[in-house]
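Understanding the architecture of this molecule
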Amino acid sequence: MKLHPHSIRLAGLLICLTPVAAAVAETVQPDAVEPALQVAAAGPQDEPYRVVVTGARAPMPLKDTPQRIEVVTRQEIERVPHRELADLLGKTTNVDIKRYPGMSGSVGMRGFTPSSPMTGESMQTLVLQNGIPAVHNNLSFMPVNGVSRVEVMKGPASSLYGSQAMAGVINVIPVRRTDEIQGGVGVSAGNHDLRQVDANIGGAISENLNFDYFGNWEKRGNYQDGNGQTMEFSGYKQHSHGLRLGAELAPGWTLDARADLFRADDVQNPGPDPEIKQFETSKDASRDLYSLTLQGEAGNHALTAAAYTGKENYINYDLQADRSLAQSYDSRIKWHGLQLKDAWDWADGYKLVFGYDYNQTEASARSGTPPWTFSYNPDSKLKTHGLYAQQNISLNEGQTNLYVGGRYDRITMSTLPTDGLGNVTQSRDFSQFSPSAGIKHEVSPGISLHASAGKGFSAPSAWKLSGEYSGSDWKVDSAGNWYPVPITYVGNANLDPESSTSVDAGIGIERENWNADLTLYHTRIQDKIVAYDVSPGLKSWRNADEARMRGVELVGNWQFSPNLRLDLGYTHSFRSEQRNGNVWSPLEYVPKNTARAALVGDWDKLHARLGARYNGKSWKSKAERGGYTLWDMSLGYAIDKRQTVSLSVDNLFDRYYEEVHNYNMPGREIRLGYRWDFK
């Protein structure tokens with residue numbers, strides 16, 4: 001582990017902060033932070049969420065957070081046309097998205113490349129489900145039915161969440177209903193043979209028991225791209241279910257048991273060149289997450305204990321010339337863990353959040369068709385023990401809010417015996433300390449300055465650290481045929497985690513009918529892990545390269561009439577590049593400019609939305625690819641208090657576009673829906 005001088009200084013500040021703040025509190029005694037608002041599932045007229053939990057791992061007013069957090073509300077989830085979570089985030093927040101046909105999506109932010117890494121590989125944007133690590137290899141496997149809101153926190157978050165939070169954190173937070181029972185059923189249909197049914201019910205069963213259930217069933221056929229070409233072999237079927245059982249054990253104490261299940265069958269991908277029909281694939285996917293969460297209050301302490309376990313599997317098939325399917329890949333991830341947390345309000349305006357995280361992840365991947373499967377890399381196991389603390393302070397009657405925090409992670413990464421590789425079990429331990437600090441100050445009513453800084457890290461994969469194994473690299477001959485070439489990989493026990501140092505600063509303005517925030521950010525990544533040729537037929541990894549990202553973000557909205565609102569977002573990347581040897585080159589899939597806008601209208605029985613998303617030119621497949629603008633719209637009309645009809649159109653002007661080079665994305669998609677709700 002490398003400890004830089006500024007890391008040591010910040011660690012010392014964290015240790016010393018509590019007694020110093022206690023002494024100040026005795027004389028200053030600032031007012032407490034305003035109470036957290038309890039917001040359930042948003043209805044059509046609900047305001048955006050005012051309280052967030054991701055930035056401090058505890059409820060905190062959004063207006064007081066020094067970190068930049070964008071919130072996707074339940075209302076937006078219901079009204080914005082989208083196929084999956086990555087698509088939704090691209091239309092409602094300042095993130096970069098990367099999607100392939102066949103339910104494969106990922107996001108990046110602030111210059112970090114969206115990526116879908118190999119099974120067991122570390123990611124740079126951490127995804128949580130209700131604060132629990134949503135270990136995954138594909139963001140498309142996370143449904144949004146039953147989601148209350150999505151919080152997107154920008155900037156390094158390793159000081160609270162550990163590895164993989166270099167770019168930021170996406171926290172998908174489910175609905176929790178504890179009042180009278182309510183629910184509903186919705187059906188919809190559209191072109192491309194779309195059929196969908198969703199249902200939900202939840203509320204109090206008795207004085208001490210409550211529950212929630214959300215279910216979704218969806219089927220899609222082959223789609224047409226913006227050029228009118230039918231993409232054969234591009235349909236899929238999927239269904240998801242979320243069930244929560246809650247108990248009020250005592251005043252202020254709750255126990256929740258959750259089960260979230262996802263299944264997708266016959267998920268078809270026409271490949272990068274549908275005319276040749278050489279790379280058509282299909283996959284069956286499943287994802288399960290089970291959790292048990294105990295929360296309660298003891299004096300000034302808000303205590304939480306959570307245990308969880310989950311798994312994600314998918315099997316990939318190649319379509320043969322006779323239209324039969326042959327298994328080509330089998331990916332499996334299992335994870336479980338424990339979280340303990342205390343949010344201690346030890347003085348007015350002073351909250352110390354500290355806790356312990358344990359997580360264990362096992363990953364394996366097989367290629368080929370049983371029984372002659374082989375592996376690209378060994379099976380692996382990752383164990384993490386993390387201790388964290390963050391001191392939040394509110395001064396000057398809430399006009400100044402600041403935090404300082406840090407986290408110490410002890411990580412063990414191991415390779416496991418793997419059939420067909422003949423590797424030996426090896427392991428490596430390493431430690432990492434991640435500090436952070438931030439401040440937000442209201443310089444005048446409605447005008448605030450904010451800044452934050454921190455370090456992030458991403459742990460190397462187990463097979464890059466230890467072990468020696470043989471595999472295959474794929475080459476293409478002059479006739480265009482692919483063939484395997486034997487190759488040996490050897491781990492590098494001296495690898496350090498990739499690390500980043502990030503700073504941002506900005507200004508926020510809040511007015512009666514509009515608000516805006518402008519933020520400048522700068523990130524430098526060191527010790528990037530790259531593969532290199534030790535000798536012909538022998539590869540390894542080393543810490544060699546670096547990357548740097550710099551840009552500006554703008555978000556805001558304007559309520560220019562009682563019924564109409566304009567939402568805006570814009571990101572400009574001044575620099576997003578990496579160094580390979582002595583050569584700097586652009587990072588792939590990071591547009592120079594992105595922009596989004598939505599005109600939202602709400603009347604007595606009618607709601608409407610017209611949205612646009614511009615994705616600028618970016619570096620893809622060793623060349624700069626052109627940008628595109630996509631439009632969408634939605635209308636909803638309440639027949640009465642229980643019945644609603646809706647119309648939505650995605651890719652309104654039937655634009656041809658690619659998010660990955662040569663992969664044609666869907667053209668215009670039209671959906672008609674009917675919903676019946678009860679309370």
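Residues numbered from 1 in each chain as written. Predicted model: local features only at pLDDT ≥ 70, side-chain atom pairs only at ≥ 80, totals over all residues. Heavy atoms only, no water.

Per-residue confidence for the chain averages 85 on the pLDDT scale, and 86% of its residues sit at or above 70. Averaged pLDDT values for the elements of the chain fall to 36 in helix H1 (residues 5-28) and rise to 97 in strand E37 (residues 643-650). In this model, residues 1-46 is a region of pLDDT below 50 whose contacts with residues beyond four sequence positions or in other chains number 77 contacts. (pLDDT = per-residue confidence, 0-100. Helix = DSSP H or I, 4+ residues; strand = E, 2+ residues; numbered from the N terminus. Contact = heavy atoms within 4.5 Å.)

Here the focus is unusual backbone geometry. A positive phi angle, close to 75°, is found at Gln-164, a residue other than glycine. With respect to the helices and strands, the residue Gln-164 is situated in the loop between helix H4 (158-161) and strand E9 (168-174). Its identity is not glycine, yet Asp-527 carries a phi of approximately 60°, on the positive side. Mapped onto the elements of the fold, Asp-527 is located in strand E28 (residues 514-535).

Inspection of every chain in the model, using the stated rule, returns 41 salt bridges. Put simply, Asp-357 and Arg-57 hold a salt bridge, and the shortest N to O gap is 2.8 Å. Taken as a pair, Asp-357 in strand E20 (residues 350-367) and Arg-57 in the loop between strand E1 (51-52) and strand E2 (60-61) lie far apart in primary sequence, 300 residues in all. For Asp-357, a relative accessible area of 9% translates into the label buried. Across the pair Arg-575 and Glu-577 runs a salt bridge, and its minimum N-O distance is 3.1 Å. Judged by relative accessible area, which is 16%, Glu-577 ranks as buried. A network of salt bridges, in which partner residues are shared, links Glu-70, Arg-110, Lys-154, Asp-504, Glu-553 and Arg-596. (Salt bridge = Lys/Arg side-chain N within 4 Å of Asp/Glu carboxyl O. Buried < 20%, exposed > 50% of the residue type's maximum accessible area, 1.4 Å probe, protein only.)

Turning to the environment of Gly-405, a few remarks are in order. Mapping Gly-405 onto the fold places it in strand E22 (residues 400-416). Once the C-alpha coordinates of Gly-405 and Gly-438 are considered, the two residues, 33 residues apart in sequence, prove to be 9.2 Å apart.

What follows concerns empty space enclosed by the protein. Counting across every chain of the model gives eleven cavities of 30 Å³ or more. There is about 240 Å³ of room inside the second largest cavity. Gln-129, Asn-145, Gly-242, Arg-258 and Asp-260 are the residues nearest the centre of the second largest cavity, which is lined by 22 residues in total. Listed by contribution, the elements that provide at least two residues to the lining of the second largest cavity are E9, strand E12 (209-220), strand E15 (236-250) and strand E16 (253-269). (1 Å grid on protein atoms, 1.4 Å probe; cavity = no way out; pocket = protein on both sides within 12 Å on 5 of 7 lines; lining within 4 Å. Points joined across faces, edges and corners; volume = space filled by probe spheres on them.)

Examined against the element boundaries, Gly-398 turns out to sit in the loop between strand E21 (379-395) and E22. For Gly-398, a relative accessible area of 24% translates into the label partly exposed.

Here we take up the sheet that holds strand E8 (residues 147-154). Strand pairing within a sheet occurs via backbone hydrogen bonds; the two strands may be parallel or antiparallel. The sheet built from five strands is open, its strands ordered E3-E8-E9-E6-E7 with mixed pairing. The outermost strands of the open sheet, each flanked by one partner alone, are strand E3 (69-73) and strand E7 (132-133). Here E8 runs beside E9; their pairing, made up of seven bridges, is antiparallel. Across the sheet, residue Val-152 finds its bridge partner in E9, namely Ile-170. Packing of helix H3 (residues 85-92) onto the sheet brings it into contact with E3, E8 and E9, and relative to E3 it is tilted by some 115°. (Pairing = 2+ DSSP bridges. Axes fitted to C-alpha atoms, helices over the stretch in contact; angles between N-to-C directions.)

Glancing now at the side chain of Asn-269. In this structure, Asn-269 sits in strand E16. Using a relative accessible area of 14% as the deciding quantity, one classes Asn-269 as buried. Those residues within four positions of Asn-269 in sequence are excluded, and the remaining contacts are Pro-101, Gly-102, Phe-233, Phe-279, Glu-280, Thr-281 and Tyr-663.

Further remarks concern the packing of aromatic side chains. Applying the stated rule across the entire model yields ten aromatic pairs. Its end group placed over the ring of Tyr-589, Lys-98 keeps NZ or CZ at 4.4 Å from the ring centre. Stacked on the ring of Trp-584, the Lys or Arg Arg-548 has its end atom at 3.6 Å from the ring centre. (Phe/Tyr/Trp six-rings, centres within 6.5 Å; stacked < 30°, edge-to-face > 60°. Lys NZ or Arg CZ within 6 Å of the ring centre and 35° of its normal.)

Here the focus is the nonpolar core. Core analysis: the biggest nonpolar cluster contains 29 residues, and Leu-85, Leu-89, Leu-139, Val-150 and Ile-170 have the highest contact counts within it. Counting only elements with at least two residues in this core, the list comes to H3, E8, E9 and strand E29 (538-561). Counting residues per element, this core draws most heavily on H3, at four residues. Discounting residues that sit within four places of it in the chain, Leu-89 has contacts with Val-72, Val-95, Val-107, Leu-139, Val-150, Val-152 and Ile-170. With 15 residues, the next largest nonpolar core counts Ala-58, Leu-160, Tyr-161 and Ala-343 among its residues. (Core = buried A, V, L, I, M, F, W, Y, C linked by side-chain atoms within 4.5 Å.)

All right, on to H3 then. Given 3.6 residues per turn, any residue in an α-helix points the same way as the ones three and four places further on. Across the eight residues that make up H3, a large majority, eight, are buried. Taken together, the buried positions of H3 are occupied by Leu-85, Ala-86, Asp-87, Leu-88, Leu-89, Gly-90, Lys-91 and Thr-92.

Regular strands have side chains that alternate between both faces of the sheet. Relative to strand E11 (residues 194-204), strand E10 (residues 182-190) runs antiparallel, the two being bridged by nine bridges. The residue of E11 that forms the bridge with Gln-182 is Gly-202. Where E10 folds back onto E11 in an antiparallel hairpin, the turn is made up of three residues, including His-192, whose phi is positive at roughly 60°. Pairing analysis gives ten bridges linking E11 to E12, with the strands arranged antiparallel. Across the sheet, the residue bridging to Ile-201 is Tyr-213, located in E12. The antiparallel hairpin formed by E11 and E12 contains four residues in its connecting segment.

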